[in-house]
Amino acid sequence: MIDAFSQWLSDTALSSLLADTTHLSTWLIIPLSQCIHILSVAVIMISVCVLNFHMLGIGTRQQTFAQLAGQLIPWTWGALIALFLTGALQTIAEPSRELLNIGFRVKMVMLLITVGITLFYQITLKKDPKYWDVSPQRRQTGRILATFSLFLWVGIAAAGRLIAYLDMRQG
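Structure report, in brief.

Definitions and cut-offs
- Residues numbered from 1 in each chain as written.
- Predicted model: local features only at pLDDT ≥ 70, side-chain atom pairs only at ≥ 80, totals over all residues.
- Heavy atoms only, no water.
- Helix = DSSP H or I, 4+ residues; strand = E, 2+ residues; numbered from the N terminus.
- Buried < 20%, exposed > 50% of the residue type's maximum accessible area, 1.4 Å probe, protein only.
- Contact = heavy atoms within 4.5 Å.
- Areas by Shrake-Rupley, 256 points an atom, 1.4 Å probe, with all protein chains shown as cover.
- Axes fitted to C-alpha atoms, helices over the stretch in contact; angles between N-to-C directions.
- Parallel < 35°, antiparallel > 145°, perpendicular 65-115°, else oblique.
- Left-handed = near helix turned anticlockwise from the far one by under 90°.
- Nonpolar A, V, L, I, M, F, W, Y, C, P; charged D, E, K, R; others polar.
- Patch = residues over 30% accessible without salt bridge, like charges linked within 9 Å, V, L, I, M, F, W, Y side chains within 5 Å.
- Salt bridge = Lys/Arg side-chain N within 4 Å of Asp/Glu carboxyl O.
- Core = buried A, V, L, I, M, F, W, Y, C linked by side-chain atoms within 4.5 Å.
- Polar contact = N/O pair within 3.5 Å; in protein donor to acceptor, adjacent residues only side chain to side chain.
- Expected span 1.5 Å × (residues − 1).

### Here's the deal with the overall build of the protein chain
Here's step 1: Within the protein chain one finds seven helices and zero strands.
Here's step 2: Mapped in sequence order, the helices and strands of the protein chain form the string α-α-α-α-α-α-α.
Here's step 3: Considered along the principal axes of its C-alpha atoms, the protein chain spans approximately 60 × 30 × 25 Å.
Here's step 4: Here the protein chain, with 171 residues, has 35% of them falling under the buried criterion.
Here's step 5: Of all intrachain contacts in the protein chain linking residues separated by at least 6 positions in sequence, the fraction that spans at least 24 positions is 73%.
Here's step 6: Element-wise, carbon and sulfur atoms account for 71% of the exposed surface of the protein chain, whose accessible area totals about 10300 Å².

Structure, rendered in structure tokens:
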């Protein structure tokens, strides 16, 4: 099914245009897209690390977790939107390189999990800004989620880089 979708996508006019290296637009759009993608990864990594390190008790305690999350989570969502848009453009340009690649698939699964963790943080804080400070059990759960999230984000970055080296295309 993914093979068929990948083939269909590569047959679209937009994919053909983006994949054609003789067009000036390809020499501008794809590198610009990649730069924005990398900068968005940096924004996410910084905001996620600061937030999760705070949950782990590493770093300054001048702000509560809720205050810090209120400042950083919007940056995370903004960067995720930029990642989605630039990643979609790159996938359209080379569907089989992305969609048929195990690195890409692993990256997407890890990304879905981290988005879920971020949503969970946001939802719990919206209901109760002191949610993570109420009990030792919640603090322990928060530390486990923070550790898991950090490992996943490192895995996402590694899997993203591996896409270039794990060519799974058929033929």
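Next comes the rest of the account.
### Topic: the packing of helix 4 (residues 65-93) against helix 6 (residues 102-127)
When two helices pack together, their arrangement is given by the angle between their axes and by how far apart the axes lie.
Here's step 1: Here helix 4 crosses helix 6 at 150°, and the two axes come no closer than 11 Å. Compared by their axis directions, helix 4 and helix 6 come out roughly antiparallel. When the axes of helix 4 and helix 6 are compared, the crossing they make is left-handed. Contacts from Phe 65, Ala 66, Ala 69, Ile 73, Trp 77, Leu 80 and Thr 91 in helix 4 reach Phe 104, Leu 111, Val 115, Thr 118, Leu 119, Tyr 121, Gln 122 and Leu 125 in helix 6.
Here's step 2: Of the residues assigned to the contact of helix 4 with helix 6, the class counts are twelve nonpolar, three polar and no charged.

### A closer look at a nonpolar patch on the surface
Here's step 1: Where nonpolar side chains cluster on the molecular surface, the patch consists of Ile 81, Phe 84 and Leu 85 and spans about 360 Å² of accessible area.
Here's step 2: Here Phe 84 is to be found in helix 4.

### Considering the environment of Met 45
Here's step 1: Along the chain, Met 45 turns up in helix 3 (residues 24-55).
Here's step 2: Along the primary structure Met 45 and Trp 153 are separated by 108 residues, whereas in three dimensions their C-alpha atoms are 7.2 Å apart.
Here's step 3: Excluding anything up to four places from it in sequence, Met 45 contacts Trp 153 and Val 154.

### Points about the pattern of salt bridges
Here's step 1: Tallying each qualifying case throughout the model produces two salt bridges.
Here's step 2: Residues Arg 97 and Glu 94 are paired through a salt bridge, measuring 3.5 Å at the closest nitrogen-oxygen approach.
Here's step 3: By relative accessible area, which is 22% here, Arg 97 ends up partly exposed.
Here's step 4: For the salt bridge of Glu 98 with Arg 97, the shortest nitrogen-to-oxygen distance reads 3.7 Å.
Here's step 5: The structure contains a network of salt bridges with shared partners spanning Glu 94, Arg 97 and Glu 98.

### Focus: the nonpolar core
Here's step 1: Counting residues in each nonpolar core, the largest one holds 24 residues, and the members touching the most others are Ile 44, Leu 51, Phe 65, Tyr 121, Trp 132 and Trp 153.
Here's step 2: When contributions to this core are tallied by element, the ones reaching two or more residues are helix 3, helix 4, helix 6 and helix 7 (136-162).
Here's step 3: The element best represented in this core is helix 4, accounting for eight residues.
Here's step 4: Once you skip the residues sitting within four places of it in the chain, Trp 153 turns out to touch Ile 44, Met 45, Val 48, Leu 80, Leu 111 and Thr 114.

### Re the side chain of Asn 101
Here's step 1: Position of Asn 101 relative to the elements: it lies in the loop between helix 5 (95-99) and helix 6.
Here's step 2: A polar atom in the side chain of Asn 101 sits 3.5 Å from the backbone oxygen of Arg 97.
Here's step 3: Polar contacts involving the side chain of Asn 101 include one to the main-chain carbonyl oxygen of Ile 163, which spans 3.0 Å.

### Here we look at helix 6
Here's step 1: Compared with the 38 Å implied by 1.5 Å per residue over 26 residues, the 38 Å span of helix 6 between its first and last C-alpha is a close match.
Here's step 2: Taken as a whole, helix 6 has its buried residues at Gly 103, Phe 104, Lys 107, Met 110, Leu 111, Thr 114, Ile 117, Thr 118, Tyr 121, Thr 124 and Leu 125.
Here's step 3: If you check the start of helix 6, you find a side-chain oxygen 2.7 Å away from the backbone N of Gly 103, and it comes from Asn 101.

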